[in-house]
Amino acid sequence: MASNQIVVGLEIGTSKVCAIVGEIKSDGTIKILGVGEAPSRGVRKGEIVDFETAGKCVREALVDAEEKSDVMIGSVYLGVTGSHIGSFNNRGAVAIPEDREEIDEQDFEEVQASAREVSIPPQNTFLHTILQHYYVDGQDGILNPIGMFGRKLEADFHIIHGIGNRIKNSVRCVKELDIEVLDVVFTPLAAAQVVLDQNQKNLGALVVDMGGGTTEYLVYKDGAVKGSGCLGIGGDHITNDLSLGLRIPMARAEKLKLEEGSVITGQSTPGEMVLLRDETGFVGKEVERETLNTIIQLRVRETLELLKREIEPLNCLPYLGAGLLLTGGCSMLNGIDQLAEEIFGIPVRLTHIKTMAGLTSAFENPQLSAGIGLIKFAQAMQPDRPRGVFARLARKLKFFALIVMAMLIAVIFLMHRS
Amino acid sequence: MIELPRPPFDFSRKRIKIFGLGGAGCNIIDRIALDGSIDGDIVAINTDVQALTGSIAGVKVQIGQTITRGLGAGGDPEIGRTAAEEGIGEILGALVDATIVLLVVGLGGGTGSGAAPVIAEIAREHNAMLIVVATLPFHFEGRRRADQAMASLDALQEKADILLCFENDRMGEAVSPQASIQDAFALSDSNVAQSIRALAKMSSRHGPVHAGFDEVAAVVRSHSARVLFGFGQADGKNRPRAALEAALRNPLLDRGRRFKEAESVFVQIAGGADLALAEVEIVMDELHRHLPEGVRVFFGAAVDPQLTGSISVTLLSAVASDALPATDRVAPPTGHRHSDGAEYEDVAGGVEARDGHEDADVDFVEPELGLELEEESDEPGEEDPRIAATPARAETPAEGARPAAPRPLFGSLRRNLTPAAAPLDAKEAKAEQMQFEPVNRGRFEKSEPTIIDGQDLDVPTFLRRNARLKK
């Protein structure tokens, strides 16, 4: 049984690269050991456009993480995103061979392979094939069919795919630093592992990760992933809009967005001005608050509306019991939860990271959801992890049994002697 | 490799003549004549002798001398029609050896609306292929002009092989509200001029993938369709993208959004001998992102020695007139543009503008044209003899007199045009690029655009939605 394991999640985002070093403890909890960050350059809309520069940023972030966590990083789980990533649901089916009645593990692989037999664009590759439900002989809602009798095994999968070369580019960017990539993960899938607990996954929830260059979403319903996707719009667009609309430099626009930005309009007093200070503290320019907020609101509203349209075909919006969970850097915009609630018509919550041990308060930052999620994802991927309470109990019982046995032997031995 | 000599193309067999009819038509052909980029005869036809004198077209035909006595048609299509019937001889004379007639007309006024169907009829009887490029009046010009324009359009629809119909209202949206009326009309004119130029060139270009008038006709065939047109030309490193972007920037396309209702799209990509397949691919791939699924794409690639170093992209499509959402129309512009399109239709005044509703604005359009005349026209003194001389041309043997076959003519014409060789005199004149408000994508300028439903989402939302912001 593996003891504590160190896992590193690496996310190459549009605004920053972050490497998170976490320790998966033997009891299944995760402890964050350190977070390495570096401002990102050479990345646009979640995709690497300048290979060399992006590589440098990744190195910076990894070095930073190594220093903070005192861990030597050798391998990472890499988060990927980009508007080229698409998804769909598909059902696979296999017939169980005549000579066998029970469903076994090899059928699992076959059914997965059959679900993948769909046409995706030739340059695309499969990123994830996520199980939703099994059906045995048409019987619905089966969670684990191993050992069941049946003639036909079917399964619904959520399949996420993206342009192969772009994904490979991200991987290569890391590999050039002599660091192994254990797996690539579509970032909202990772983020969802952090912001949702099992209960919320069962109830149904929409996770929206509004990052710097992209906005990703993932829908969980009945404990399974129902939909996911990525829009190439993010916080950078807000900054860009502000820069163009207010005629101020990008850096100033970014600062203004972070410090004063809000999506609520119509609440400032007419003529209320925001002062733009330069580095020395002098007031350079005044901007009317209403104008500032209008620009931000128009962009955020549009993005959320596009997102809603993407999700509508899934027909599950009214049934998401756990509502919408907003994460990512943009979720820190003032009033964005109210706006999202207005658009989606379901309760909206801004997320904080839970179920973590360690210096959590330092990491309760929606910007890190995806990065920490990568560690959770890695944890879920670990096959030798003790499963649940029973497994742990069994392990303890085994230990007990050993002691009892040893004692018995000792007693018998002693009795024999006497 | 064995080189097969291409049989020399007989230029005399294909003759394009561009007819500008009425005030608006003459304005547009003047624009074409100015840059001299088309090798075809340019003929101005008008009732208003004053406007005609101001035109720089090579051939000028005055019609309706007895009815209008050299004045305009006064906004009455009936007068325009009678004038054209009276001038049949002159028109025929100007038209005599043309195989392709490009009739440019601004509908709504007297001369344009009235005479256009008559000239169309003459062209058809003459067995020439008839391409009509018409503009519809601005909505603020009033109901009457709109009705006249529609009546005339219906008549033209029956006769024309290809009818391209532009709405001034749509073109008016391209100019900023602060722009002067001169700029607004100049933009509208140059827009139409560019499409004509593209059409005229289409026949003279040849390339690996042919696309010609038959494809254009297929695209704009449906009744009362309004044309979506875009033209862009670019050179430099990123030329395929830049050219397509420029083409899409045309207000008629509304940055590609208009394609949503289109059923088919005609694309011609032209470049010099250095046009690469990869570049064509880039343009087409990018374009497909703007097109709805299932749209028919007629694609042509052509090589034009004039274009060496640059690429031009011509987009043409049509949508049913009611498919254009009315809400998109710009509200009647305030201030500058209140003085309507009357001048546009009959620029140099004429009866209509004078006794019509608006007043002094005629004056500032006129001087501009007069100026152009003095600078560009070689011998202004000789205009009148030329007008008189035109009927004499009627005697020259009719080149285009092929066996009468009204519709099939189309096909035969195409066969003739296909092997068109490069224009003999590669003129230096470069087609002018239209200056619209630049699409501002800021930091995303060089990145791959995020396009959803034909909208470039990198452009700030407030710009796309025209939100009012206090500055």
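Note that the coordinates shown come from a computational prediction; the quantities given were computed from them, not determined experimentally.

Caption draft 1: Highlighting the overall build of chain A. Counting secondary structure elements, chain A contains 12 helices and 19 strands. The buried share of chain A, taken over its 418 residues, is 43%. For chain A, the share of sequence-separated contacts (at least 6 apart) that also reach a separation of at least 24 residues comes to 68%.

Caption draft 2: Representation of the overall build of chain B within the structure. When you go through chain B residue by residue, the secondary structure sums to 18 helices and 13 strands. Counting only residues that meet the buried cut, chain B has 52% of its 471 residues in that class. Across chain B, the fraction of contacts at a sequence separation of at least 24, relative to all contacts at a separation of at least 6, is 78%.

Caption draft 3: Representation of the confidence of the model for chain A within the structure. Looking at chain A, the pLDDT average stands at 85 and 91% of residues meet or exceed 70. Highest mean pLDDT in chain A belongs to strand S13 (residues 215–221) of chain A (93); lowest belongs to strand S19 (residues 356–358) of chain A (49).

Caption draft 4: How the structure looks around the sheet that holds strand S10 (residues 152–163) of chain A. Residue and element names in this part refer to chain A. Spatially, S7-S10-S8-S9 is the arrangement adopted by the four strands of the open sheet, whose pairing is antiparallel. Each having just a single partner strand, strand S7 (86–95) and strand S9 (139–142) make up the two edges of the open sheet. This sheet shows a mean twist of 40 degrees between the axes of neighbouring strands, independent of strand direction. Taken together, the 10 bridges between S7 and S10 define a ladder with antiparallel strand orientation. Its bridge partner lying in S10, Gly 86 is registered against His 161. Contacts from helix H2 (residues 105–115) reach S7, strand S8 (124–136) and S10, with the element oriented near 130 degrees to S7.

Caption draft 5: Region of the structure containing the interface of chain A and chain B. Every contact between the two is made by 21 residues of chain A and, on the other side, 16 residues of chain B. For the side of chain A that touches chain B, the secondary-structure elements that each account for two or more residues are helix H6 (235–246) and helix H8 (289–311) of chain A. Ranked by residue count, the leading element in the side of chain A that touches chain B is H8(A), at seven residues. Of the residues in the side of chain A that touches chain B, the class split is seven nonpolar, eight polar and six charged.

Caption draft 6: Broad picture of helix H7 (residues 143–159) of chain B. Residues and elements named next belong to chain B. If you check H7, its first and last C-alpha atoms are 25 Å apart, about what 17 residues at 1.5 Å a residue would give, namely 24 Å. Listing the buried residues of H7 in full gives Arg 145, Gln 148, Ala 149, Ser 152, Leu 153, Leu 156 and Lys 159. The buried side chains of H7 occupy one side of the element, clustering within an arc of 135 degrees when seen end-on. Exposed side chains of H7 directed beyond 90 degrees from the buried face belong to Arg 143, Asp 154 and Glu 158.

Caption draft 7: Helix H11 (residues 369–381) of chain A, seen in detail. Between its terminal C-alpha atoms H11(A) stretches 18 Å, which fits the 18 Å expected from 13 residues at 1.5 Å a residue. Most of H11(A) sits inside the fold, with 10 of its 13 residues counted as buried.

Caption draft 8: Inspection of the pairing of strand S3 (residues 30–39) of chain A at higher detail. Residue and element names in this part refer to chain A. By the criterion of burial, S3 is predominantly enclosed, with seven of the 10 residues buried. As defined by bridge partners, strand S2 (residues 16–24) adjoins S3 across nine bridges and the pair is classed as antiparallel. Paired with Val 17 across the strands is Ala 38, a residue of S3. What sits between the antiparallel neighbours S2 and S3 is a turn of five residues, in which Gly 28 has the positive phi angle 95 degrees.

Caption draft 9: Main features of the packing of helix H11 (residues 239–248) of chain B against helix H12 (residues 277–290) of chain B. All names here are of chain B. Their axes nearest at 9 Å, the elements H11 and H12 cross at an angle of 35 degrees. With respect to the hand of their crossing, H11 and H12 are arranged in right-handed fashion. Residue-level inspection shows Pro 240, Arg 241, Leu 244 and Leu 248 of H11 in contact with H12, the latter providing Glu 279, Ile 282, Val 283, Glu 286, Leu 287 and His 290. Residues of the contact of H11 with H12, tallied by class, amount to six nonpolar, one polar and three charged.

Caption draft 10: Quick look at the nonpolar core. Judged by nonpolar contacts, the single largest core of 104 residues is most densely connected at B:Ile18, B:Val101, B:Leu102, B:Leu103, B:Val104, B:Ile119 and B:Val132. Residues in contact with B:Val101, not counting those within four places in the same chain, are B:Lys17, B:Phe19, B:Leu95, B:Ala123, B:Ala128, B:Met129 and B:Leu130. A:Val207, A:Tyr217, A:Leu242 and A:Ile336 belong to the second-largest nonpolar core, a separate cluster that totals 101 residues.

Caption draft 11: Fine view of the confidence of the model for chain B. Residues and elements named next belong to chain B. Chain-level pLDDT for chain B is 67 on average; 63% of the residues reach the 70-or-more range. In this model residues 323–437 is a low-confidence stretch, pLDDT under 50, and it forms 193 contacts with partners more than four residues away in sequence or in other chains. If you check the scores for this complex, the pTM reads 0.53 and the ipTM reads 0.73.

Caption draft 12: How the structure looks around the environment of A:Pro347. Residue and element names in this part refer to chain A. Within the element layout of this structure, Pro 347 appears in the loop between helix H9 (336–344) and strand S18 (348–350). A residue is classified by how many C-beta atoms lie within 10 Å of it, and Pro 347, with 14 of them, is partly exposed. If we skip the residues at most four places from it in the chain, Pro 347 touches Gly 323 and Glu 341.

Caption draft 13: Looking closely at the sheet that holds strand S1 (residues 16–21) of chain B. All names here are of chain B. The parallel open sheet is built from six strands, whose spatial order is S3-S2-S1-S4-S5-S6. Of all strands in the sheet, those bounded by a partner on one side alone are strand S3 (59–62) and strand S6 (162–167). Taking the axes of each pair of neighbouring strands and ignoring which way they run, one obtains an average angle of 15 degrees across the sheet. Note: strand S4 (residues 100–106) against strand S5 (residues 129–136), seven bridges, orientation parallel. Along S5, the bridge assignment pairs Val 105 with Ala 134. Against the sheet, H7 engages S5 and S6, with an angle of about 165 degrees to S5.

Caption draft 14: Highlighting unusual backbone geometry. All names here are of chain A. Of note, Lys 45 is a non-glycine position whose phi angle comes to about 50 degrees, a positive value. Within the element layout of this structure, Lys 45 appears in the loop between strand S4 (43–44) and strand S5 (47–48). For Lys 45, a count of 27 C-beta atoms within 10 Å gives the class buried. One non-glycine residue, Asp 137, lies in positive phi territory at about 50 degrees. Considering the arrangement of structural elements, one finds Asp 137 in the loop between S8 and S9. Its 13 C-beta neighbours within 10 Å are what place Asp 137 among the partly exposed residues.

Caption draft 15: A look at the environment of A:Val76. All names here are of chain A. If you trace the backbone, Val 76 turns up in strand S6 (residues 75–80). Residues Val 76 and Val 181, 105 residues apart in the sequence, show an inter-C-alpha distance of 5.1 Å. When residues no more than four places from it in sequence are discounted, the contact partners of Val 76 are Val 8, Gly 9, Leu 10, Val 174, Ile 179, Val 181 and Leu 182.

Criteria and cut-off values
- Residues numbered from 1 in each chain as written.
- Chains lettered and ligands numbered in written order.
- Predicted model: local features only at pLDDT ≥ 70, side-chain atom pairs only at ≥ 80, totals over all residues.
- Helix = DSSP H or I, 4+ residues; strand = E, 2+ residues; numbered from the N terminus.
- Buried ≥ 20, exposed ≤ 12 C-beta atoms within 10 Å, placed from the backbone.
- Contact = placed C-beta atoms within 7 Å.
- pLDDT = per-residue confidence, 0-100.
- Pairing = 2+ DSSP bridges.
- Axes fitted to C-alpha atoms, helices over the stretch in contact; angles between N-to-C directions.
- Nonpolar A, V, L, I, M, F, W, Y, C, P; charged D, E, K, R; others polar.
- Expected span 1.5 Å × (residues − 1).
- Arc of directions from axis to C-beta.
- Left-handed = near helix turned anticlockwise from the far one by under 90°.
- Core = buried A, V, L, I, M, F, W, Y, C linked by C-beta atoms within 7 Å.

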